[in-house]
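Analysis of the macromolecular model
Chain by chain, the residues run as shown.
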Number of protein chains: 4
Amino acid sequence: MTHSRTVELEGHLIDSGTMQRCFGAVMDLGGSFDVEQFDVGKHETEESYCRLTVSADDAETLRDILHELHQNGAVLENPSGVDLVAAPADKVVPPDFYSTTNHPTEVLYDGEWIDVERIEMDCALVVEPEGNQDGSPRAYTKTLNAVEEGDLIATDRSGVRVNPPERPRSGGSAFGFMQGGVSAERPSESTIREVAKELRAVKEDGGNVMVVAGPAVIHSGAGDALADLVAAGYVDALSAGNGFATHDLERSLYGTSLGMNVETLEHPRKGHKHHIWTISEIIRAGGIEAAVEEGIVTEGVMYECVENDVDTVIAGSIRDDGPLPDTITDAVEAQNAIREQAHDADIVIMLATLLHSVAVGNCLSSTTKTVCVDINPATVTQLLDRGSAQAIGMVTDIGTFVPTLAEFVLEGDA
Amino acid sequence: MTHSRTVELEGHLIDSGTMQRCFGAVMDLGGSFDVEQFDVGKHETEESYCRLTVSADDAETLRDILHELHQNGAVLENPSGVDLVAAPADKVVPPDFYSTTNHPTEVLYDGEWIDVERIEMDCALVVEPEGNQDGSPRAYTKTLNAVEEGDLIATDRSGVRVNPPERPRSGGSAFGFMQGGVSAERPSESTIREVAKELRAVKEDGGNVMVVAGPAVIHSGAGDALADLVAAGYVDALSAGNGFATHDLERSLYGTSLGMNVETLEHPRKGHKHHIWTISEIIRAGGIEAAVEEGIVTEGVMYECVENDVDTVIAGSIRDDGPLPDTITDAVEAQNAIREQAHDADIVIMLATLLHSVAVGNCLSSTTKTVCVDINPATVTQLLDRGSAQAIGMVTDIGTFVPTLAEFVLEGDA
Amino acid sequence: MTHSRTVELEGHLIDSGTMQRCFGAVMDLGGSFDVEQFDVGKHETEESYCRLTVSADDAETLRDILHELHQNGAVLENPSGVDLVAAPADKVVPPDFYSTTNHPTEVLYDGEWIDVERIEMDCALVVEPEGNQDGSPRAYTKTLNAVEEGDLIATDRSGVRVNPPERPRSGGSAFGFMQGGVSAERPSESTIREVAKELRAVKEDGGNVMVVAGPAVIHSGAGDALADLVAAGYVDALSAGNGFATHDLERSLYGTSLGMNVETLEHPRKGHKHHIWTISEIIRAGGIEAAVEEGIVTEGVMYECVENDVDTVIAGSIRDDGPLPDTITDAVEAQNAIREQAHDADIVIMLATLLHSVAVGNCLSSTTKTVCVDINPATVTQLLDRGSAQAIGMVTDIGTFVPTLAEFVLEGDA
Amino acid sequence: MTHSRTVELEGHLIDSGTMQRCFGAVMDLGGSFDVEQFDVGKHETEESYCRLTVSADDAETLRDILHELHQNGAVLENPSGVDLVAAPADKVVPPDFYSTTNHPTEVLYDGEWIDVERIEMDCALVVEPEGNQDGSPRAYTKTLNAVEEGDLIATDRSGVRVNPPERPRSGGSAFGFMQGGVSAERPSESTIREVAKELRAVKEDGGNVMVVAGPAVIHSGAGDALADLVAAGYVDALSAGNGFATHDLERSLYGTSLGMNVETLEHPRKGHKHHIWTISEIIRAGGIEAAVEEGIVTEGVMYECVENDVDTVIAGSIRDDGPLPDTITDAVEAQNAIREQAHDADIVIMLATLLHSVAVGNCLSSTTKTVCVDINPATVTQLLDRGSAQAIGMVTDIGTFVPTLAEFVLEGDA
């Protein structure tokens, strides 16, 4: 027996690749489609509309196909409202709960499409019927471990509409559209100039800049340049790990990173113990802020973050030495802190850290601009492969990237 | 002043990404478009048709846009025949010569669309008005250095039609469609099983299998498995370099590769001179075939290629030791030999060599199946990034890939 | 004014590279040396002895030089006993505390050299004067965050002797000696056979095998082979993360990994939500063991670990979805659990995970055998770069490595 | 029966690692040694001397051991003169011919040690008894394909002495000593500053700077900076391929590289045909120099090389488009041209090309300073892994490296 459903899509369906993905999904999953209506946007600024009936030999295949189409923005013709089921216990969701994408999303509740707040992928979608102060319904995402008994959880995609990002109408920007692949064959300095331009534009618009930084920023000698950007007010939030903070503080205390003097290149010996002594000094002081206040730490990224009231999250990991007293050792607690930063960010600059960048990326909406920089192409590819509407991936050396970026950003200030 | 032209496209325009690329090209290049007509294929097996007027503020931009659309299969409405200009001298083409893509191509000559033979990218397109035995016109590609004075060379895209490969109608194969990116997150053994299945299928259909192999095949201990495939008749053509051949012959003469016994792992010392002694022995014998006949070489890939009359091309490079007497040291001559192999191949397996794989890939039509295997993801990405209709890219260890492939291919023979 | 000290070294000083590193350290740091006595071992089994006076222009340089020599096994002539200072508070060490290496270490306390227990790098060295049941002194390492007020902490290297691993007397093994670099030019199957041989030897000697595994083991289709090794008793401890466990459980619940059927290669779509549904199911069941007992999970690595009482640690990270109820989310707590596993291990097999492998590696003595396998050469290099006495690094595909290893290990059992 | 021989070594045997390698070789190959005498240099400036008897159970093992020791500088006690055998035919060497290392080498001929000229590895060693104008003997290397019938070829290592480079007496330089491994964890700008300092020092001493450049230099936008270095006289020889030259010339002719405007980042489309049109234009002009003279090419690296009489070699490969008329398509002929450049160079800067760098590296003595820069760590490791006495390896982005280097080099000129 053939199972069928009719769905509708609208938007810049062709140039955003939406129709290609939808047709491809139907064929890959072994179904078939009938195009009932297809009104193609006549100009580049006109949207298209498509009504499509998809069929499959069994209900499960049809469900899989509809799942794919849904994630690409398709809505059932004549959708019913969202199905809500109360969570049976804390952290326990109903069996068929709707798991979110990272795209802007709406739910059809009580006859109206309402926006879902705090967009983030792989979450439960909670509706509070009178969640707003005016008694109107409110919808937002919750991670599984934040679900509380009784939360009303969406359990079917039929009343949910996803709005994947569309291809920007103007071309030629260094920001690519939903491209997982990354090419090393781009002019490096020109691309950095584009990032600098964007960074300045975001700040001029009063936007929020989040930097995610790995320890290689310090080892590669780029710490001073990042500190300069912080001091000049170009960084609103810093998300890093115990390793980054430790190596930055080591530079302030001993002038070295992993035992090497980053300016003279002297004493690059593995045996040096500066990093563990640094941790010990900060523990003794009672934390980074205390160490800054006591005059123990007098320069560097962490110093500038304290001095400039940058929202700083140091998330712990199982490979940490110490850790520093400021490090949030619980992964769930650290995720929540990162989540707040990510939701506030207008642009996120990810510098040479896979772990922290993935953690941040997990919390980002597909509409947040991202810049991913790493010497390892696999890292950049993995970070870009999330359907971000505007993303720049650069396979480059962080040790020359950050100083060049700082120069381009700050020269306009002079 | 606005400049405009109208073009037509037909085929599986949406799921093959053709329309997305065309609309994107217009916008990226700063033009605009009007869709005059768009008949969308109603089912997955029905083709679409689009008539489109593109406009730009200046003639040069319009030309750039039309160039892009042409390469994606667009044809001017009411095309005129191809413009032909005689080459003024050997190796010299007319200034505005048409440079080919790697997609199937036709030229409109004397009122008829005729197929272009020997499809290969970045070539001149030559038309012989009475080139066929029956006096009918013939069209084919020629590399720049093969152009002869007086050749009639196509100089304008208006009478040329390109047919980019379309998305296969059935999904679920390991072969991807025009995807440059490659994911390491695939089940390795299952993918190798797919390659084995394809290899057997090509041979069962009487097809031609070409293998391109780098020296890592031998260092990694996979030489025996490749020799087994040759001996069993699964390799029709081998394209390799002086390094591959030398290391394979070293195994036969000394049991080592770069001085290491590949079975016992003994004596892995850099100082060993087996490879240069091997070259010296083969020079003394007068070549590989002579060395096989004299009983100096008694096993290995080169041995099996001689014994099984495999079409073998050993192309030289500037990093070669020796080289062996069989190595074609002139790059143009070697390219021509590789070109013959590539044009005959129905499937090409590229094993751990960027240089030789690129050389072969340059000569391949986009309709030839390709399998690219390398431990370096950047190599696989670069090789796949050519718009091949059916390609498998694997980031894996050649030292386990070839033995596993041979096992899967040959177990069906038992 | 010249500052000088005399030190002594003994052992296989030349072939282990000890003297080369010591002379190099003196010169790199700007000092000079006088060899007072050098008795070279006359045969490969005889140890050497060296007495050396090192000098520098200032006290700080001399201290740095002595620090390096100490780490390579040098002891001051006529050493005084270890200096001990009580920790002033929990987690706070004395300013000049001695930070440990990962090499076997002794302290000179009360006129006797006593072995330091629980060898691990970057720790404090604690002496309990009557720590043993018989009232004799005991020495062991403590991480900074485990230090308690009043612990007697070593504060000077003068009474500490480090014994770096020496080159094994017999050569030709696949296990390399203290080599950070790793070559891809080794025969893959032969090297895997060596690992298999070693694994069987360790188990035959009643030894403890620890496996550290990343999610790529499952994505690449190698989960079944690892489960077979667990079922056959070749794995005593498993150290992994929430991602590994989730993807393994997804295979048992849905037959997929990241939404792709690892055998048929079907449905490789990003949108699939199996992994988050899997986490939800395990939360509902109350944990992995409960899910196995309820018959929800019926196969895979986690299943076999439960069934075979394998010591399993699932350590959390900030990139985790969920997490599973079994995941230890606190980094310090997770480190402590990993530390117990690492201290018990006789051989550690690290499979395609940088984060967990580094965490485990941090806790390992340089005398523990390690095998590091990853497709990314930089990962293998980083993991090997720790002065391990016996280590194998392989740049290979985990998806073919584990099945081949399992075949080689288990075929001897048939 | 035990076979034994006695050898002698002298020099900075310990800190250069010579003794470690020699003892290791004996043990790895299954032999044993007796140290007859070992006089250790008492200070860092004093050389050591060692006389050593090595033994093995069979003659072949002893020969292998002696081969290794020889390559590390050991000489048989009471060496006989070199054995010379006439080459039986062109390109054919005697069966047991001595194959050279890349270290400075001497032969004992007629009772005197004479220096071997044109040091290069894997060559035959030819002695001309009256080769010098004054009738004295002369020794030099010849590649196999350059050997002529009657050449007197060394056939035994007994009369040959190799002098491996020794560890420089002063430390702290960015130039590493014989280190194959390369760490990305170095401060990038500081290291580039060291390279700049070295480059200026070589030129101030009247030395010869050779640059080996791949096409990524142009794609990444670094062409202008390299052209500046050429124009300022910092480049004496350029070794590149057809691809590098074509992309550089494309920039001059069209302002693009692979179709992308490297400054505005506009029009990055694969379809662009500028590179093939560029080749066609240069063919039409008759070559690069002619194109410069005709005013067709007016800027860029090739332009500056013509204007500044830089010794330029463009070597062909099988992946070339065109090629340009200037490209040497025969691999042996190209090698010979590269060989002349390499032998003249005092420092070689290798920029983002594996093929050309390996070709150049094959011709270099171990005493030539080398700087290897590539974004791929495997490339840098492979290039450094040749026992170079002074080498810097950098894993960095060529697109920021070259401009930064040019800035540091040229700022001193201002």
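Residues numbered from 1 in each chain as written. Chains lettered and ligands numbered in written order. Predicted model: local features only at pLDDT ≥ 70, side-chain atom pairs only at ≥ 80, totals over all residues. Heavy atoms only, no water.

Another point: the interface of chain C and chain A. Taken together, the contacts link 57 residues of chain C with 57 residues of chain A. Of the roughly 4900 Å² buried between chain C and chain A on both sides combined, carbon and sulfur atoms contribute 55%. In this assembly, chain C and chain A are joined by two salt bridges. A salt bridge links Lys273 of chain C to Asp122 of chain A; its shortest N-O distance comes to 2.8 Å. (Contact = heavy atoms within 4.5 Å. Buried area = accessible area lost by both parts, 1.4 Å probe. Salt bridge = Lys/Arg side-chain N within 4 Å of Asp/Glu carboxyl O.)

Residues and elements named next belong to chain B. Burial within strand β17 (residues 347-351) is extensive, with five of its five residues counted as buried. Residue alternation in β17 divides its side chains into two sets, Ile347, Ile349 and Leu351 and Val348 and Met350, and both sets are buried. In this structure, β17 lies alongside strand β18 (residues 369-374), joined through five bridges in parallel fashion. Paired with Ile347 across the bridge in β18 is Lys369. (Buried < 20%, exposed > 50% of the residue type's maximum accessible area, 1.4 Å probe, protein only. Helix = DSSP H or I, 4+ residues; strand = E, 2+ residues; numbered from the N terminus. Pairing = 2+ DSSP bridges.)

Attention shifts here to the packing of helix α10 (residues 331-344) of chain D against helix α11 (residues 354-363) of chain D. Residues and elements named next belong to chain D. Following both chains from N to C, one finds α10 and α11 inclined at 65°, their axes separated by 8 Å at the closest point. In this structure, α10 crosses over α11, and the sense of that crossing is right-handed. Contact with α10, carried on its side by Ile338, Arg339, Ala342 and His343, involves Ala359, Val360 and Cys363 of α11 and no other residues of that element. Tallied by class, the residues present in the contact of α10 with α11 amount to five nonpolar, one polar and one charged. (Axes fitted to C-alpha atoms, helices over the stretch in contact; angles between N-to-C directions. Left-handed = near helix turned anticlockwise from the far one by under 90°. Nonpolar A, V, L, I, M, F, W, Y, C, P; charged D, E, K, R; others polar.)

With that settled, the discussion passes to the interface of chain D and chain C. Chain D puts 25 residues into the contact, and the matching count from chain C is 25 residues. Between chain D and chain C, a total of about 2400 Å² is buried, with carbon and sulfur atoms accounting for 57% of that surface. If you sort the residues of chain D by the area they bury against chain C, Gln20, Met27 and Glu44 of chain D come out on top, with a joint share of 25%. Of the charged contacts, one joins Asp28 of chain C and Arg167 of chain D as a salt bridge, the two residues approaching to 2.6 Å between their closest N and O atoms. Where chain D touches chain C, the interface holds 14 residue pairs in polar contact (both at pLDDT 80 or more). Contributions of two or more residues to the side of chain D that touches chain C are made by α1 (18-28) and β2 (32-39) of chain D. It is α1 of chain D that contributes the most residues to the side of chain D that touches chain C, six residues altogether. (Polar contact = N/O pair within 3.5 Å; in protein donor to acceptor, adjacent residues only side chain to side chain.)

For the pair chain C and chain A, the relating rotation is 180°, the translation along its axis is 0.0 Å, and the fit reaches an RMSD of 0.0 Å. When the rotation and shift are considered jointly, the pair of chain copies conforms to a two-fold rotation axis. Scanning chain C for the C-alpha nearest the rotation axis identifies Asp330 of chain C, at a separation of 2.1 Å. Taken as a fraction of all interface residues of chain C, those also at the interface in chain A reach 100%, which identifies the copy contact as same-surface. (Least-squares fit on C-alpha atoms with pLDDT ≥ 70 in both.)

As a further point, take a negative patch on the surface. Residue and element names in this part refer to chain A. Taken together, the side chains of Glu289, Glu293, Glu294, Glu307, Asp309 and Asp326 present a region of like negative charge at the surface. Inspection of the secondary structure puts Asp309 in the loop between α9 (301-307) and β16 (311-315). Judged by relative accessible area, Asp309 falls into the exposed class, the value being 68%. (Patch = residues over 30% accessible without salt bridge, like charges linked within 9 Å, V, L, I, M, F, W, Y side chains within 5 Å. Areas by Shrake-Rupley, 256 points an atom, 1.4 Å probe, with all protein chains shown as cover. Lys, Arg positive; Asp, Glu negative; His and termini not counted. Charge placed at Lys NZ, Arg CZ, Asp CG, Glu CD.)

With that settled, the discussion passes to the UniProt feature "domain: LOR/SDH bifunctional enzyme conserved" (unreviewed entry) in chain A. Here the UniProt-annotated "domain: LOR/SDH bifunctional enzyme conserved" (unreviewed entry) positions come out as residues 4-103 of chain A. Span residues 4-103 of chain A is 24% helix and 30% strand, its end C-alpha atoms 26 Å apart. (UniProt positions renumbered as here; feature names shortened; annotations may be inferred.)

Residue and element names in this part refer to chain A. Of all hydrophobic cores here, the largest spans 66 residues; its most connected members are Leu238 and Phe244. Here this core gets seven residues from one element, more than from any other, and that element is helix α13 (residues 398-411). Residues contacting Phe244, with those up to four places away along its chain left out, are Ala213, Gly214, Pro215, Val217, Ile218, Leu226, Leu238, Val301 and Met302. (Core = buried A, V, L, I, M, F, W, Y, C linked by side-chain atoms within 4.5 Å.)

A separate point is the domain arrangement of chain A. Looking at chain A, the domain boundaries give domain 1 (1-77), domain 2 (79-166) and domain 3 (188-411). Computed over C-alpha atoms, the centres of domain 1 of chain A and domain 3 of chain A are 42 Å apart. (Domains from an automatic or database assignment.)

Turning our eyes to something else, we now look at the sheet that holds strand β4 (residues 75-76) of chain D. Residue and element names in this part refer to chain D. Overall, antiparallel pairing links the four strands, which are arranged β2-β3-β1-β4 in an open sheet. Each of the sheet's edge strands pairs with one partner strand only, and the pair in question is β2 and β4. Across the sheet, α1 touches β1 (3-11), β2 and β3 (48-56), and the angle it forms with β2 is around 160°. Of the strands in this sheet, β1, β3 and β4 are in contact with helix α2 (residues 59-71), which crosses β3 at around 160°.

Superposing chain D onto chain C requires a rotation of 180° together with a translation of 0.0 Å along the rotation axis, leaving an RMSD of 0.1 Å. When you check the interface residues of chain D against chain C, 100% turn up at the interface there too, and the contact is symmetric in its surfaces.

It is worth spelling out the sheet that holds strand β17 (residues 347-351) of chain A at this point. All names here are of chain A. Pairing in this open sheet of six strands is parallel, and the strands run β16-β13-β12-β17-β18-β19 from one edge to the other. If you trace the sheet from one side to the other, it starts and ends with β16 and β19 (391-395), each paired once. Strand-to-strand twist across the sheet, computed as the mean angle between neighbouring axes with direction ignored, equals 10°. Seen against the sheet, helix α12 (residues 377-384) touches β17, β18 (369-374) and β19 and runs at an angle of roughly 170° to β19.

Moving on, we get to the packing of aromatic side chains. For the structure shown, the criterion picks out ten aromatic pairs over all chains. Arranged with centres 6.4 Å apart and planes meeting at 50°, the rings of Tyr254 of chain C and Trp277 of chain C form a pair that is tilted. Note that Tyr254 of chain C is positioned in helix α6 (residues 242-254) and Trp277 of chain C in helix α7 (residues 274-285), a separation of 23 residues in sequence. By relative accessible area, Tyr254 of chain C is classed as partly exposed at 32%. Taking relative accessible area as the criterion, Trp277 of chain C reaches 24% and is therefore assigned partly exposed. Of note, Arg161 of chain A hangs over the ring of Trp113 of chain A, and the distance from its end group to the ring centre comes to 4.3 Å. Taking the ring centre of Phe408 of chain B as reference, the NZ or CZ of Arg193 of chain B above it sits at 3.9 Å. (Phe/Tyr/Trp six-rings, centres within 6.5 Å; stacked < 30°, edge-to-face > 60°. Lys NZ or Arg CZ within 6 Å of the ring centre and 35° of its normal.)

Our next topic: the pattern of salt bridges. Residues and elements named next belong to chain C. Applying the stated criterion to the full structure yields 64 salt bridges over all chains. Taking the shortest distance from any N to any O, the salt bridge between Arg193 and Glu411 comes out at 3.5 Å. Taken together, the residues span a long stretch of sequence, with Arg193 in helix α3 (residues 188-204) and Glu411 in helix α13 (residues 398-411) at a distance of 218 residues. Judged by relative accessible area, Arg193 falls into the partly exposed class, the value being 44%. Glu411 sits in the partly exposed class, given a relative accessible area of 42%. Arg251 is paired through a salt bridge with Asp224; the nearest N and O atoms lie 3.3 Å apart. Taken together, the residues span a long stretch of sequence, with Arg251 in helix α6 and Asp224 in helix α5 (residues 223-231) at a distance of 27 residues.

At a minimum axis separation of 7 Å, helix α13 (residues 398-411) of chain B and α3 of chain C run at an interaxial angle of 100°. Between α13 of chain B and α3 of chain C, the angle falls in the class roughly perpendicular. For the pair formed by α13 of chain B and α3 of chain C, the contact residues are Gly399, Thr400 and Pro403 of chain B on the first element and Ser188, Glu189 and Ile192 of chain C on the second. A per-class count over the contact of α13 of chain B with α3 of chain C returns two nonpolar, three polar and one charged. (Parallel < 35°, antiparallel > 145°, perpendicular 65-115°, else oblique.)

Glancing now at the side chain of Asn102 of chain C. All names here are of chain C. Along the chain, Asn102 turns up in the loop between β5 (84-86) and β6 (105-109). Polar side-chain contacts of Asn102 include one of 3.5 Å to the side chain of His103. Asn102 has contacts with Ile119, Glu120, Met121, Leu364, Ser365, Ser366 and Arg386, leaving out every residue within four places of it along the chain.

What follows is about helix α2 (residues 59-71) of chain C. All names here are of chain C. The terminal C-alpha atoms of α2, which comprises 13 residues, lie 18 Å apart, in line with the 18 Å expected from a rise of 1.5 Å per residue. Burial runs high along α2: ten of the 13 residues are buried. If you check the start of α2, you find a side-chain oxygen 3.2 Å away from the backbone N of Glu60, and it comes from Asp58. Of the residues trailing α2, Gly73 is marked for its positive phi of about 105°. (Expected span 1.5 Å × (residues − 1).)

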